[in-house]
Amino acid sequence: MNDVIAATLRDFSIDAYRPLYPRSLDLGEPLTPRIGNLVKVVTGIRRCGKSYRLLQEIDRLLKSGVSQRNICYFDFDDDRLKPCTPQTGDEVLEAFYAINPSALSEGAYLFFDELQEMSDWGSWLRRIVSTRKATIYVSGSSSTMLSTEISTAFRGRALDFELLPFSFTEYAAARSIIPANVDAPSTEERLVLERACQTYLQDGGFPATFDLPRPQAIALLQSYTQRVVARDVVERHDFRQPRVASLFSQRLLALNARQLSLRQATNNLKAVGVSTTKETLGDLLSYFQEAFLVFAVRELSFSLAESTTSQPKIYAVDPGLALACGTAHTLDAGQRLEDAVYLELRRRTVGMRRDALASLRTKKHGYEVDFVMGDALTGDVSELYQVCANASDTVTHERELRALWEALDQSKQDTATLIVGAGAGATFERDGKRVIQIPAWKWLLMGDTAAG
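Heads up: these notes are all about the structure in this document. (Residues numbered from 1 in each chain as written. Predicted model: local features only at pLDDT ≥ 70, side-chain atom pairs only at ≥ 80, totals over all residues. Heavy atoms only, no water.)

## Here we look at the environment of Ala98
Alright, step 1. Mapped onto the elements of the fold, Ala98 is located in helix 3 (residues 86–99).
Alright, step 2. Taking the relative accessible area as the measure of exposure, Ala98 reaches 46% and is therefore partly exposed.
Alright, step 3. A sequence separation of 288 residues divides Ala98 from Gln386, and the C-alpha atoms of the two residues are 57 Å apart. (Helix = DSSP H or I, 4+ residues; strand = E, 2+ residues; numbered from the N terminus. Buried < 20%, exposed > 50% of the residue type's maximum accessible area, 1.4 Å probe, protein only.)

Right, dumping it as structure tokens:
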């Protein structure tokens, strides 16, 4: 028996991780342990809280009466295990069942954290699913665990769940400041939430940064980005130009909520003495998306295309991370608000094709609408969202409304949503159409009810 693994299993106690910040990601009801169970896979960027979401599920099982001896939690991102191979996984289970032999017949709940650190993890896990009476949860820091590898390895025997850093709702809940009635908060509650939203857009939702002094939080967020670049891009993809990867990641985070031109990015790097190609940066962009550092959003008419001729808008996985790691003077409050709205829409569209969330440019005058829910194949639009940092900026406010009115006429919809960072709620009507203006803090707290 591997002594390191055995000691790790024996020393595990969920009490060591309390308090557990509750996450809103719903993993469904726990399955009864059996051979051939569906695997539940939680993926997301490093340090966003995947481990704690698994621990939250363990806590739920314990409270429901499941015995600790039937629960195995193991983190494969441990340098003492390297190189981590399928044999490592076998040793984990051998040690667990040796310590808890009754779990073999009664069934086990197996929690494998950061399993992508194991080489050939897909084949190993498929074998475990086919031979062990178990309910299995897996976490990983690569989106390939949702798409290519999961679909190849499990052929319909896995359910994938994407976890992002804390939403504003989770952030506010952790501080116990959500009012009983979001639609009618007191003046004091509203002011507290407005300030909290501004702080959230600055600090972001990575849980380890909560309550840290600002300089320490910035340093920690920068270290997260460096680790993603080093481990999930350079090392995993054997990328031979680490400086290019590092500089391009900074460029992407500085572009938060802005369009990316690969040609311009290539020229900018060459201007500072770093030689690269547009094709190389295109590969890097896909790697950064796999690692959940950024997301690329295209116009609805281009969202199904693999071509790089259209320029996508880039959104960081977290507004606080973008501010900490990007170029400060390019990251204004409006960019961070738009980023937060994108991330919230992404949370609310679980189960939909990712190309269903896109931007829109109107046909008549070419006005831009920040986000639309639609079908890229037919061009149909079902929801329209615009983001405005400050409703009191008359010129900007009128420009955002103008784009929504034209998009409403074009899409045959009758309602759109204008989310404002600073400003009160309001309703605007014209020719049987209406735009509902809602403060950002309120929209971010309203969940699925916020859509129109």
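## Topic: the environment of Ala422
Alright, step 1. For Ala422, the position within the fold is in strand 12 (residues 415–422).
Alright, step 2. According to the relative accessible area criterion, Ala422 is partly exposed, its value standing at 32%.
Alright, step 3. Distance from Ala422 to Asp393, taken between C-alpha atoms, is 9.6 Å for residues 29 residues apart in sequence.
Alright, step 4. Sequence-distant contacts of Ala422, that is, excluding residues within four places in its chain, are made with Ala389, Asn390, Ala391 and Ser392. (Contact = heavy atoms within 4.5 Å.)

## Description of the sheet that holds strand 12
Alright, step 1. Across the sheet, which stays open at both edges, the 6 strands sit in the order 9-10-11-12-14-13 with mixed pairing between neighbours. Both edges of this open sheet fall to strand 9 (357–361) and strand 13 (426–430), since each of them pairs with a single strand only. This sheet shows a mean twist of 30° between the axes of neighbouring strands, independent of strand direction.
Alright, step 2. Where strand 12 meets strand 14 (residues 433–439), 6 bridges bridge the pair, whose relative direction is parallel. Across the sheet, Thr417 pairs through a bridge with Ile436, a residue of strand 14.
Alright, step 3. Against the sheet, helix 14 (residues 333–348) makes contact with strand 9, strand 10 (368–375), strand 11 (380–390) and strand 12, and its axis sits at roughly 150° relative to strand 11, the strand it touches most.
Alright, step 4. With respect to the sheet, helix 15 (residues 394–411) is in contact with strand 9, strand 10, strand 11, strand 12, strand 13 and strand 14, its orientation differing from that of strand 11 by roughly 175°. (Pairing = 2+ DSSP bridges. Axes fitted to C-alpha atoms, helices over the stretch in contact; angles between N-to-C directions.)

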